[in-house]
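The chain contents come next:
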Amino acid sequence: MLKGKKIIIGITGSIAAYKIPLLIRLLKKEGAEVQIVMTPFATEFVTPLTLSTLSEKPVLTDFFDKGDGSWHSHVNLGLWADLILVAPLSANTMAKMATGIADNLLLTVLLSAKCPVYFAPAMDLDMYKHPSTKKNIHTLEKFGYSLIEPTEGELASGLRGFGRLEEPENIFSILKNALIPDSALRGKSILISAGPTYEPIDPVRFLGNRSSGLMGIELAKAFVKRGAIVKLVLGPTKYELTNPSISIENVITAAEMHQAITSSFTDADITIMAAAVADFTPKEIQKEKIKKAAGKNSIHLKPTIDILKELGSKKTNKQLLIGFSLETENEKENAIKKLKSKNLDLIILNSLNDKGAGFEFETNKVSLISNHNKIIEIPLKLKSEIAKDIVTYIEEELIFE
Ligand code: CTP
């Protein structure tokens, strides 16, 4: 049941708007509250009267109520919703969403929203294939919005291809699962580290590594989609994460990462160390910039704490502990050694020898090695897809109630 769940459906100008009345009926039948917000152009495709009758609420299209002159607060609407769906999403509104244009009520509601946002594009196949559409979808996904991909089939133009709005029954299941995930991970507390650490040498220099943080970020997003409560301890990264459901603690050094992870570890059901933590740090940090003329050409290092190993020695049999292993030689052998010596339930092996896999790519290729010596190979794909596969494996093979 979706009783008490508040959903805004934003409708934009597309023929596919005819599918929305059915979606409203499905949501209402499950007890959800549905507020329709339309762009002015959308009203040409489906009547506000039909939508307000089915949703049992007045449809909003304008900033102002023409009847009593009152103002519809986009801020209140954005805060009210547990979830916002924009469907069908036209190429025009998509471009406005991607650039932050706010010239109608729906766009301002989206800018004020604090809840998960789903978007379901519907357009002609060539519009969908256009690089600007691809770029805008990528931007919206970077904002943390979730794409409900269009399907293939007959389009309003008479052409066939991708661009059809997903069927209302399927959109309904996606929304239901987003609001009440049917997953063993629902409500579980997940702790993830991601990114590199920077170990300061002097005020301008540091020892770092090439980790981008993307793999850990995608894992955090994939867990949230299954209803888990996620904390992400994030080293310096170029990625901006605005998913309101992920609590983020930014750190810079291995010592800060150690502190942040250990303070949350006891409460975590599953901990994943995806960060590339420095193994060594300078013994001393120079207060002033080291000058060339001083001729100092060596830096003395001391080892950092192996966070994962420390967690392995503390973990209870109710907790799952997962590590990553980045190898350049004897990959499986080295990964299995780490799995055993750090007392892990699972190790995820990346090999720098695999093309397209590792730190600086948006793709990865990994092997999952469990402590029962089961090995699953995941082929090269986007890190977001790899993250989904890893989370599914954890959910299906490792999780315990
Ligand atoms: N790790 C950690 N603390 C460290 C170093 C590594 O928690 N100080 C974690 C990483 O987050 C990763 C796992 O240990 O999950 C393995 O990291 P990796 O760099 O592959 O291995 P190391 O144990 O550091 O060994 P080596 O560098 O010799 O391969």
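Residues numbered from 1 in each chain as written. Predicted model: local features only at pLDDT ≥ 70, side-chain atom pairs only at ≥ 80, totals over all residues. Heavy atoms only, no water.

Student: Explanation requested: the pairing of strand 7 (residues 160–164) in the structure shown.
Tutor: Regular strands place side chains that alternate from one sheet face to the opposite one. Across four bridges, strand 6 (residues 151–154) lies against strand 7 in antiparallel orientation. Bridge assignment links Glu-152 to a residue of strand 7, and that residue is Phe-162. In sequence, strand 6 turns back onto strand 7 through a hairpin of five residues, with Gly-158 there showing a positive phi of about 95°. (Pairing = 2+ DSSP bridges. Helix = DSSP H or I, 4+ residues; strand = E, 2+ residues; numbered from the N terminus.)

Student: Just checking my understanding: could you explain the sheet that holds strand 12 (residues 246–250) for this structure?
Tutor: Remark on secondary structure: sheet strands pair via backbone hydrogen bonds, oriented parallel or antiparallel. Judged by pairing direction, the sheet is mixed, and its eight strands sit side by side in the order 12-11-8-13-16-17-18-19 without closing on themselves. At either end of the open sheet lies a strand with only one pairing partner, and these are strand 12 and strand 19 (375–382). Direction aside, neighbouring strands of the sheet carry axes that sit 20° apart on average. In the sheet, strand 8 (residues 189–194) pairs with strand 11 (residues 229–234) via six bridges, with the strands oriented parallel. Residue pairing across strands places Ile-190 opposite Val-230, the latter belonging to strand 11. Across the sheet, helix 11 (residues 307–314) touches strand 13 (270–273) and strand 16 (320–327), and the angle it forms with strand 16 is around 150°. (Axes fitted to C-alpha atoms, helices over the stretch in contact; angles between N-to-C directions. Contact = heavy atoms within 4.5 Å.)

Student: When you look at the nonpolar core in this model, what are you seeing that I'm missing?
Tutor: Grouped burial of nonpolar side chains is what soluble globular proteins tend to show. Counting 38 residues, the largest nonpolar core has Leu-219, Phe-223, Ile-270 and Ile-394 as its most contacted members. Broken down by secondary-structure element, the contributors of at least two residues to this core are strand 8, helix 9 (214–225), strand 11, strand 13, strand 16, strand 17 (346–351), strand 18 (363–370) and helix 13 (383–398). Per-element accounting of this core gives the leading share, eight residues, to helix 9. Each residue touching Leu-219, except ones within four places of it in the same chain, is listed here: Ile-192, Ile-272, Phe-324, Ala-387, Ile-390 and Val-391. Within the second largest apolar cluster, 31 residues are counted, among which are Ile-11, Met-38, Tyr-118 and Leu-175. (Core = buried A, V, L, I, M, F, W, Y, C linked by side-chain atoms within 4.5 Å. Buried < 20%, exposed > 50% of the residue type's maximum accessible area, 1.4 Å probe, protein only.)

Student: What is the right way to look at unusual backbone geometry in this model?
Tutor: That bond from Ala-87 to Pro-88 is cis: its omega, -10°, falls within 30 degrees of zero. Inspection of the secondary structure puts Pro-88 in strand 3 (residues 83–89). One non-glycine residue with positive phi stands out, namely Asn-343, at about 55°. Relative to the elements of secondary structure, Asn-343 occurs in the loop between helix 12 (331–341) and strand 17. Look at Asn-373: it is not a glycine, yet its phi comes out positive at around 65°. Considering the arrangement of structural elements, one finds Asn-373 in the loop between strand 18 and strand 19.

Student: Could you clarify how one ought to interpret the domain arrangement of the chain in this entry?
Tutor: A common way to express how large an interface is: the accessible area buried when the components associate. Domain boundaries assigned for the chain yield domain 1 (6–179) and domain 2 (189–285 + 295–398). A C-alpha centroid distance of 36 Å is found between domain 1 and domain 2. Across the contact, eight residues belong to domain 1 and six residues belong to domain 2. For the pairing of domain 1 and domain 2, the buried interface totals around 490 Å² over both sides, and the portion due to carbon and sulfur atoms is 37%. Counting every contact that joins domain 1 to domain 2 gives zero salt bridges. On the surface where domain 1 and domain 2 come into contact, there are zero residue pairs in polar contact (both at pLDDT 80 or more). If you tally residues by element for the side of domain 1 that touches domain 2, the top one is helix 7 (residues 131–142), at three residues. Residues that form the side of domain 1 that touches domain 2 fall into these classes: two nonpolar, three polar and three charged. (Domains from an automatic or database assignment. Buried area = accessible area lost by both parts, 1.4 Å probe. Salt bridge = Lys/Arg side-chain N within 4 Å of Asp/Glu carboxyl O. Polar contact = N/O pair within 3.5 Å; in protein donor to acceptor, adjacent residues only side chain to side chain. Nonpolar A, V, L, I, M, F, W, Y, C, P; charged D, E, K, R; others polar.)

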